[in-house]
Structure formats: C-alpha cells, structure tokens
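Notes for the structure review
Okay, here's what each chain looks like letter by letter:
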Amino acid sequence: MSLFSCVSPGPPIEVLHMKSRYDQDPSSVKINLTVGGYKDDTGNPWVLPVVRETEFAILSDPSTNHEYLPALGSEAANKAAVDLLLGDCAATREGRAFGVQSLGGTGPIRVGAEFLQQHVGCRVGRYSDPTWINHRDIFVKSGFTDVTSYPYWNSVTRAPDFQSLFECLESSPPYTVFLLHAQAQNPTGVDPTRDQWRKICQIMKRRNLIPFFDCAYQGWASGDMDEDAWAVRHFEENGLEMLVSQSFGKNLGLYGDRIGFLTFVVKDHTKIEAMKSQLTLILRPMYGNPCRPAARLIEEILLNKKRRAEWSTQLMSMVNRIQGVRKDLRAMLEQLEPGKDWSSITTQVGMFWYSGLTRAQGMKLAEQHVYMMPGNGRMSLCGINSGNIRYFAETVARVTRETS
C-alpha cells in the first residue's frame, strides 16, 4: 500500500475546471470566458508593446543578470509601485509608506494576512460576498479563526447592498480585517461611489477596523490609474493605517510573471524596520525570494517617463476594447431578447460581466461551447471579439429564453 493511499481528490476549482472543459472541447465555435486574462480582437494573448520593447532592452543590456533579489524584493520596484498606488501624499513624503515585492495577487495577501495574525494578533477576517474565493482561503490558511463574508451584493435586486455592509462594519469588533476591492469589484464590476467610500472609511476609522485593499485592476475600472486609486488614497488622507495588495497581471499583462507588492501605510515610521524584519521571517520559509525579471520590467517602465506614458495609452486601448464589447453585446441582446434587462453589461466596469445567470443556465451555455463561471454567473468579456460576439449573444439569448 502506498504512503499516499489516504489522499482523496479535492473538490474541483470551478474556474480551472471550466477552463479545462474549454481546452478539451474540439468545437470551432468554443468561447473561453473563464479566466480573467485580456485577449485581443483576434482572440490571442496580447503582450503590451511597451513590455515587449522593454524586454528586448533588458536582454540587450550586458549588466542584466540572474542573481537573487533581496527577500523583500527590488527597492526601486517597491518604491515605484507605492508611488503609483498612493501618488504624492503625506504618507510617502513622511516616509510612512513602504512596499514589499511578492508573488502576483495571492502572495501579498498571504504575507499580509500572516503578518497581521502573527504580529498584530488579528483573528477575525471578512471578505465580500461575492468575491474571489482565494480571499477566504488565504485568511483561513493564515491562521485566522473567524473568517466569514460581509454583505456586498443583493442577488434579488442585482445591485450592491451598502446598507447591510455599513451595518456589518458597525457591528464588527475592533481589529477585524476587511478585504476591500480597491476598484472594479470582482466579480460584480460595481464599486462604491465616492460618498459610499467616505462612509466606509469613516466607520472603519471610528471602529478601529483594519482595511486590507486588493488592488488588482488599477486602470481597468476607468482607464485612469489615478482615478482608480481614489479609494486607497482617500483612506490614506484620512489617517488610516492599512495594507494593500497590488498586482500587475491585469494592467500590465504580466499574468504568468507573478509580480505583486504588499504596501503598508503606517502612523509611526520608526516601526518600519522592525516590520520589514518580521515580514522577511514570514516570507523566507514561504518562497524565499521574489522574481527578478518582472521587477526589472516594473523599474524600467514605471520609472521611465516615456515608457510610463506608453503603458497608460496601451492600457486605455485594452479598456476601450472591452467597453466597446459591452456596448455591442448589450445592443445585440436587447435586439434578440428585448423583454429582458441587459443594462448591467454596460453599467459594470472591469473585465467581467456579472450576468445574473443561474448555474443551470451556465451549464446550458457550456453545452453550447460557451464556458464561464456557472457558480456565480461571472463571464470574462476579454474572451469576446468581433469574430464570436454574434454567436455568443445568440447563445445567451436562446439559453435565457428557454430556461426562463
């Protein structure tokens, strides 16, 4: 008998399961709307030209090497990421903000959660309902003992339920960690207004709650990276200490490069070195050191005025394409099924359409070679293009008509 005979299969991860079904489907009309990764209008991955040009420049530089980075990453990349996030503010001018390079979007959240649990004594974590399920699992695996969701979405009205969120904040004990989406809430694509953010900030400050932002889509909500950082910057302006997970998979297209940063904003800059020493002890047994190549890309693009401007333009082109998809798709569905409300397609922002389709309808779509997230109705609109949008719209219209 094998040592591993006791191991039983784990439950399937829906996004990976549906992507696998897509990969195995031989149909020529199949559409992949599972993973949140940008594709161009031909359906192919798009490497931003500024990334490609910078990669060539780095490879041509004789000083380029493959040495280890320090455990906390590239100091230049860390600073560039913090400045992109916070802009010119009191925390950066006074040396009260610092960043730690990590792995993608999950790494910064995991490191931050373990730090809060081990060194601040946090045990209560809250994530939005709905959200990216890794939020829950990271808190649990980091040693939090009270991990549940906070209300965000009303599935009946198909709109955010901010009153219930406010009530949850008011009733939570001090030092509860709230995982907040900085922009383009995943999966709903509906963010708080500025007034609602102000109220969230006021309650968290008064109740001594800990904001932990997940900033995975800076630039993807509005096309403007400063605009999309407003919520985080508002919290900083109001004197809250906080953590922010920041990743560059979506806005710079560095999905497989796994480049992310954990930013801290603190009140007392004299504690930063102690914090860095403890963060080093947390991440060293976890992954040792972060990745050098992607950090170099961050340095060469964010710290170069010309390349930074090119990036902004190219990011806007991605956002504009998806906004065009939203407009065209809504028009098609309103023509095909005029009795239904398709307004959510264009009122939501970011990469996804939180469609409101049921699990049964999602599985029906898969039977017609359209693969999305049946569990919550989320679809990545990055998989829609001029060559498949008509088939997609007709399939959605037919499935919703037959299952209503």
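Attention in this report is confined to the structure presented alongside it. Model, not experiment: these values are computed from the prediction.

What the 7 strands build is an open sheet, ordered E2-E10-E9-E8-E7-E3-E4; its pairing is mixed. Two strands lie at the open edges of the sheet, namely strand E2 (97-102) and strand E4 (146-151), each paired on one side alone. Each strand axis lies, on average, 25° off the axis of its neighbour in the sheet, ignoring direction. As paired elements, strand E3 (residues 124-129) and E4 share 6 bridges and run parallel to each other. In the sheet register, Arg-126 faces E4, and the bridge partner there is Thr-148.

The next point concerns the packing of helix H16 (residues 359-367) against helix H17 (residues 389-403). A pair of packed helices can be characterised by two numbers: the angle between their axes and the separation between those axes. Interhelical geometry of H16 versus H17 gives an angle of 135° and a closest axis separation of 10 Å. In terms of their interaxial angle, H16 and H17 are classed as oblique. Considering only the axes of H16 and H17, their crossing is right-handed. Residue-level inspection shows Gln-361, Lys-364 and Leu-365 of H16 in contact with H17, the latter providing Thr-395, Val-396, Val-399, Thr-400 and Thr-403.

The next subject is the packing of aromatic side chains. Overall, the coordinates contain 17 aromatic pairs when judged by the stated rule. Between Phe-248 and Phe-261, the aromatic rings sit 5.8 Å apart at their centres with planes inclined by 90°, giving edge-to-face as the arrangement. Placement of the pair is Phe-248 in the loop between strand E9 (242-247) and helix H11 (249-252) and Phe-261 in strand E10 (residues 260-265), with a sequence separation of 13 residues. A relative accessible area of 0% means that Phe-248 is categorised as buried. Cluster of aromatic residues (ring-pair linked, three or more members): Tyr-38, Trp-46 and Trp-220. Sitting over the ring of Tyr-22, Lys-30 keeps its end group 4.5 Å from the ring centre. The residue whose ring lies beneath Arg-378 is Phe-352, and the NZ or CZ to ring-centre distance is 3.8 Å.

With respect to the element layout, Gly-375 can be found in the loop between strand E12 (370-371) and strand E13 (378-380). For Gly-375, a relative accessible area of 42% gives the class partly exposed. Note: C-alpha distance between Gly-375 and Leu-357 (18 residues apart in sequence) is 9.2 Å.

Taken N-terminus to C-terminus, the directions of helix H14 (residues 305-336) and H17 make an angle of 45°; their axes are 9 Å apart at the nearest point. One element, H14, and the other, H17, form an angle in the oblique class. Crossing of H14 over H17 shows right-handed handedness. Here Val-325, Asp-328, Leu-329, Met-332, Leu-333, Gln-335 and Leu-336 of H14 come into contact with H17, specifically with Ile-389, Arg-390, Phe-392, Ala-393, Glu-394, Val-396, Ala-397 and Arg-401. Tallied by class, residues from the contact of H14 with H17 come to 10 nonpolar, 1 polar and 4 charged.

On to the nonpolar core, then. Core analysis: the biggest nonpolar cluster contains 57 residues, and Trp-220, Phe-248, Ile-298, Trp-311 and Phe-392 have the highest contact counts within it. Elements that contribute at least two residues to this core include exactly helix H2 (49-60), helix H3 (75-86), helix H13 (292-302), H14, strand E11 (352-354) and H17. Top contributing element to this core by residue count: H14, with 9 residues. Setting aside residues no more than four positions away along its own chain, Trp-311 makes contact with Leu-48, Val-50, Leu-84, Met-225, Phe-248, Asn-251, Leu-252, Ile-301 and Leu-302. Membership of the second largest hydrophobic core comes to 32 residues, among which are Cys-89, Ala-182, Leu-209 and Met-242.

Reading guide: rules and limits
Residues numbered from 1 in each chain as written. Predicted model: local features only at pLDDT ≥ 70, side-chain atom pairs only at ≥ 80, totals over all residues. Heavy atoms only, no water. Pairing = 2+ DSSP bridges. Helix = DSSP H or I, 4+ residues; strand = E, 2+ residues; numbered from the N terminus. Axes fitted to C-alpha atoms, helices over the stretch in contact; angles between N-to-C directions. Parallel < 35°, antiparallel > 145°, perpendicular 65-115°, else oblique. Left-handed = near helix turned anticlockwise from the far one by under 90°. Contact = heavy atoms within 4.5 Å. Phe/Tyr/Trp six-rings, centres within 6.5 Å; stacked < 30°, edge-to-face > 60°. Buried < 20%, exposed > 50% of the residue type's maximum accessible area, 1.4 Å probe, protein only. Lys NZ or Arg CZ within 6 Å of the ring centre and 35° of its normal. Nonpolar A, V, L, I, M, F, W, Y, C, P; charged D, E, K, R; others polar. Core = buried A, V, L, I, M, F, W, Y, C linked by side-chain atoms within 4.5 Å.

Remember that the coordinates give geometry; whether it matters functionally is a separate question.
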